[in-house]
Amino acid sequence: MSFEQILPDRQLKELQKSVLDFMHTQGYTESALVFARESGNEGFVADPNDRHHNLLAKKWTSVIRLQKKIMELESKLSKLQEEQPARRPSTTTEWLPRPPARTKLTQHRYPITRVRFHPQYTVLATASEDMTVKLWDSESGDFERTIKGHTKAVQDVAFDAKGSTMVTCSADLTLRVWDVTADYKCVRTLHGHDHCVSAVCFLGADRLASASRDRTVKIWDLTTGYCVKTLSGHSEWVRSVDVTSDSRLLCTASNDQSVRLWDPATGECKADMRGHSNVVETARFAPPNAYASLRRLAGLPTPQDATALGLFVISCSRDKTLCLWDTTTGQLLHTFIGHDDWVRDFVFHPSGKTIISVSDDKTMRVWDLATGRCSKTIEASQHFTTCIDFSTVSPLVATGSVDTEVSLWACR
């Protein structure tokens, strides 16, 4: 490859003159004349005061000196690596959110009620008391669109496993079904609750479960839009509903300070778990990859069916705590203490080793599930922090606040 393909014209000229100077200095007069003619530098005169004088020799000496230094540093690094104990590299599945927030999303006009990542794409949906759901590019933080249709505060938003359908619920007593593949067209509105609809989740691909201030949980057939079952038992507002991945169990949280376990097929309440001293905001089933840490925390042996779904539930409450429950016995196994105000929401880390909670004390806290201790506290917002979600697509956490802002946190 020729120098013309490597060096810009100016640097090429500098190199040619330095070579000519070196040739004259060393007495290679005839070679210098030929090189001067072929390189277009005829008339070049070596001058001891010219900046090209001895430049080639100086550069060569510098290169030799740098090579020697590099070899010395490589030798020192090799010795240090031999002395240091081997460390297991941290994997992306263990990364945690680090302050400050990477991006602030500020399009909403009223408090944020829910943040939810799309299960397949880099899309974040945010619900608000301003009656809208907004969609964002979670990687860039760019605003994409506003979903309108509800006439009062939107309380929750959920995607199906494939991400082709989105469902929202609202204080306007309805649930709305949106076709993601058809440009988020509203394809169905579900009526049946008698009060604010607080939460919604998918039961497989064609059913929904919704929780309401009317003290019930309703099961809906997405194909027909009809309510096929109503679960009654809570004596006050039902705040949240969650389902196992096989859709065989539901858990709910309520203002009556209880967490309940349900069979959605029969409508039977299988457990009424009590231990909180105030409104229970959220209850979620622990994923099987969290079982080992939770058993260690509670001092439980590993049973024969160690990975059955729905064995543990964690709940958070306005009594400032989170609680771990054994769904088989209904027993309270552990209480996580550390927040200074209402605990509004939490999410399981993908590793199954930690949970991350948010609270009206304006913080986001990371809890070690094996020890029950708070391992990290992050100032999450300037006002009450209401909701949180962890992306399954990229290492990102989203939090929402009463101050109308959504924060995106990079995990590393």
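Above this note sits the structure.
Asks: Explain the overall build of the protein here, please?
Replies: Each helix and strand in the protein was counted, giving four helices and 28 strands. Against the compact-globule benchmark of 22 Å for 412 residues, the protein has a radius of gyration of 32 Å, which places it well outside the compact range. Counting every position in the protein, which comprises 412 residues, the buried fraction comes to 49%. For the protein, restricting intrachain contacts to residue pairs at least 6 apart in sequence, the fraction spanning at least 24 positions comes to 45%.

Asks: Help me understand the side chain of Arg318, please; the structure alone is not making it clear to me.
Replies: The residue Arg318 is located in the loop between strand S19 (312-317) and strand S20 (321-326) in this model. According to the relative accessible area criterion, Arg318 is buried, its value standing at 17%. At 2.7 Å, the side chain of Arg318 and the side chain of Glu281 are in polar contact. The residues touching Arg318, leaving out its near neighbours within four places in the chain, are Arg239, Asn278, Val279, Glu281, Trp342 and Val343.

Asks: I'm lost on the pattern of salt bridges in this one. Help?
Replies: Pairs may arise between side chains of opposite charge once their charged atoms sit close together. One pass over the full model with this rule turns up 15 salt bridges. Arg365 is the partner of Asp361 in a salt bridge, and the nearest nitrogen-oxygen pair spans 3.7 Å. Note on accessibility: Asp361 and Arg365 belong to one class, buried.

Asks: Looking at this structure, I do not really get the nonpolar core. What am I missing?
Replies: In globular proteins that are soluble, nonpolar side chains generally tend to be buried together. In terms of nonpolar packing, the biggest core is built from 20 residues, with Ile314 and Leu322 touching the most fellow members. Looking at this core, the elements with two or more residues in it are helix H4 (291-298), S19, S20, strand S21 (331-337) and strand S22 (343-348).

Asks: Explain the packing of aromatic side chains here, please?
Replies: Two aromatic rings, taken as a pair, are described by how far apart their centres are and by the angle between their planes. Applying the stated criterion across every chain, the model contains four aromatic pairs. Taken together, a centroid distance of 5.4 Å and an interplanar angle of 70 degrees make the contact between Trp136 and Phe143 edge-to-face. By relative accessible area, Trp136 is classed as buried at 3%. Centre to centre, the rings of Phe336 and Trp367 are 5.8 Å apart; their planes meet at 75 degrees, and the pair counts as edge-to-face. Of this pair, Phe336 sits in strand S21 while Trp367 sits in strand S24 (residues 363-368), and the two are 31 residues apart along the sequence. Phe336 gets classed as buried once you look at its relative accessible area, which sits at 0%. Between Arg239 and the ring centre of Trp237, over which it is positioned, the NZ or CZ distance is 3.8 Å. Here the basic side chain of Arg318 rests over the ring of Trp342, its NZ or CZ set 4.0 Å away from the ring centre.

Asks: Help me out: how do you make sense of the pairing of strand S8 (residues 174-179) in this one?
Replies: Side-chain positions along a regular strand alternate between the two faces of the sheet. Most of S8 sits out of view: five of its six residues are buried. Where strand S7 (residues 165-170) folds back on S8, the antiparallel hairpin that results is connected by three residues, among which Leu173 adopts a positive phi of roughly 80 degrees. Note that S8 and strand S9 (residues 185-191) share six bridges and pair antiparallel. Of the residues in S9, the one forming a bridge with Leu175 is Leu190.

Asks: Would you take a moment to explain the pairing of strand S5 (residues 143-147) for this structure?
Replies: Direction of pairing for strand S4 (residues 133-137) relative to S5: antiparallel, over a ladder of four bridges. Paired with Leu135 across the bridge in S5 is Arg145.

Asks: Is there a simple way to think about the sheet that holds strand S12 (residues 216-221) in this case?
Replies: By definition, the strands of a sheet pair up through backbone hydrogen bonds, in either a parallel or an antiparallel sense. Spatial ordering of the open sheet is given by S10-S11-S12-S13, a layout of four strands whose pairing is antiparallel. This sheet does not close on itself; its edge strands, each paired only once, are strand S10 (197-202) and strand S13 (227-232). Put simply, the sheet's adjacent strands are angled 20 degrees from each other on average, direction ignored. The pairing of strand S11 (residues 207-212) with S12 spans five bridges and is antiparallel.

Asks: Teacher, can you tell me more about the sheet that holds strand S14 (residues 238-243) here?
Replies: Spatially, the four strands line up as an open sheet ordered S14-S15-S16-S17, and their pairing is antiparallel. The sheet is open, and its two borders are formed by S14 and strand S17 (268-274), each paired with just one other strand. Between one strand and the next, the sheet's axes are offset by a mean angle of 20 degrees, whatever the strand orientation. Pairing geometry for strand S15 (residues 250-254) and strand S16 (residues 258-263), over four bridges, is antiparallel. Note that in S16 the partner of Ala253 across the bridge is Val259.

Asks: For this particular structure, what's the right way to read the packing of helix H1 (residues 9-26) against helix H2 (residues 29-39)?
Replies: Packed helix pairs are specified by the crossing angle of their axes together with the interaxial distance, meaning the distance between the axes. Orientation of H1 relative to H2, taken along the N-to-C sense of each, is 165 degrees, at an axis distance of 9 Å. Classified by the interaxial angle, the pair formed by H1 and H2 is roughly antiparallel. Seen from above, H1 lies across H2 with left-handed handedness. From H1, Lys13, Gln16, Val19, Leu20, Met23 and His24 reach across to H2, where they touch Ser31, Ala32, Phe35, Ala36 and Ser39.

Thresholds, definitions, all that
- Residues numbered from 1 in each chain as written.
- Predicted model: local features only at pLDDT ≥ 70, side-chain atom pairs only at ≥ 80, totals over all residues.
- Heavy atoms only, no water.
- Helix = DSSP H or I, 4+ residues; strand = E, 2+ residues; numbered from the N terminus.
- Rg over C-alpha atoms; globule rule 2.2 N^0.38 Å.
- Buried < 20%, exposed > 50% of the residue type's maximum accessible area, 1.4 Å probe, protein only.
- Contact = heavy atoms within 4.5 Å.
- Polar contact = N/O pair within 3.5 Å; in protein donor to acceptor, adjacent residues only side chain to side chain.
- Salt bridge = Lys/Arg side-chain N within 4 Å of Asp/Glu carboxyl O.
- Core = buried A, V, L, I, M, F, W, Y, C linked by side-chain atoms within 4.5 Å.
- Phe/Tyr/Trp six-rings, centres within 6.5 Å; stacked < 30°, edge-to-face > 60°.
- Lys NZ or Arg CZ within 6 Å of the ring centre and 35° of its normal.
- Pairing = 2+ DSSP bridges.
- Axes fitted to C-alpha atoms, helices over the stretch in contact; angles between N-to-C directions.
- Parallel < 35°, antiparallel > 145°, perpendicular 65-115°, else oblique.
- Left-handed = near helix turned anticlockwise from the far one by under 90°.

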